Amino acid sequence: GRTGVKLMPAGSFPLPEGQRFEELSFTVASNRLDCAVACFVRSSRKKQQLFSQGLVTHNYEVEKSLIRLLQEGDKVSIQGYGKFIIDQIGPEPKRKTKTGSQKI
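Below or above, wherever it landed, is the structure these notes cover. None of these values were measured; they are calculated from a predicted model.

A regular strand carries its side chains on alternate faces of the sheet. When strand E4 (residues 75-78) meets strand E5 (residues 82-85), the two strands line up antiparallel, connected through four bridges. From the neighbouring strand, isoleucine 78 faces E5, where its bridge partner is glycine 82. Between E4 and E5, which pair antiparallel one after the other, the connecting turn spans three residues, and glycine 80 there sits at a positive phi close to 95 degrees.

In structure tokens:
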């Protein structure tokens with residue numbers, strides 16, 4: 001177009017760091033979203049508020065349902081806590097109990 005652009009050398013300042021990932025491993029009662037969120041925020045009491053305030057997104061969509069099941073590769077973002085990628089969901093325990101556990 002007709003708009004001119006002027007470039008000048010920039011000062012030498014440090015560039016921001018790139019994204020980094022920290023590997024976390026949790027054992028939860030089931031692979032439901034609410035169980036994972038409770039582990040991510042390290043509190044089961046806050047999870048209800050986070051969902052009702054619309055602060056939890058599951059695969060880039062605001063999630064109001066606490067009973068959504070997670071799959072490998074799902075992305076969960078919690079405003080104020082970070083973004084989590086479900087890399088692997090472990091096998092169910094061999095011996096079934098009322099409160100079986102899943103590793104995510």
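Now that the structure has been shown, we can carry on.
Our focus in this paragraph is the sheet that holds strand E3 (residues 61-62). Judged by pairing direction, the sheet is antiparallel, and its four strands sit side by side in the order E3-E2-E4-E5 without closing on themselves. Of all the strands in the sheet, the pair left with one neighbour each is E3 and E5. One ladder, built from two bridges, connects strand E2 (residues 56-58) with E3; its direction is antiparallel. Within the sheet, the bridge partner assigned to threonine 57 lies in E3 and is valine 62. Helix H1 (residues 33-40) contacts E2, E4 and E5 of the sheet and is inclined by roughly 50 degrees relative to E4.

Before going further, it helps to spend a moment on the nonpolar core. Ranked by size, the top nonpolar core spans 19 residues in total, and within it Leu33, Val37, Phe40, Val56, Val76 and Ile78 carry the most contacts. Contributions of two or more residues to this core are made by H1, helix H2 (45-52) and E4. Beyond its immediate chain neighbours, meaning those up to four positions away, valine 76 contacts Leu33, Val37, Phe40, Val56, Thr57, His58, Leu70, Gly82, Lys83 and Phe84.

Moving on: the state of the cysteines. This structure, assessed with the given rule, holds zero disulfides. With no disulfide of its own, cysteine 39 has cysteine 35 as its nearest cysteine by sulfur position, at a separation of 7.5 Å.

About the criteria used
Residues numbered from 1 in each chain as written. Predicted model: local features only at pLDDT ≥ 70, side-chain atom pairs only at ≥ 80, totals over all residues. Heavy atoms only, no water. Pairing = 2+ DSSP bridges. Helix = DSSP H or I, 4+ residues; strand = E, 2+ residues; numbered from the N terminus. Contact = heavy atoms within 4.5 Å. Axes fitted to C-alpha atoms, helices over the stretch in contact; angles between N-to-C directions. Core = buried A, V, L, I, M, F, W, Y, C linked by side-chain atoms within 4.5 Å. Buried < 20%, exposed > 50% of the residue type's maximum accessible area, 1.4 Å probe, protein only. Disulfide = S-S within 2.5 Å.

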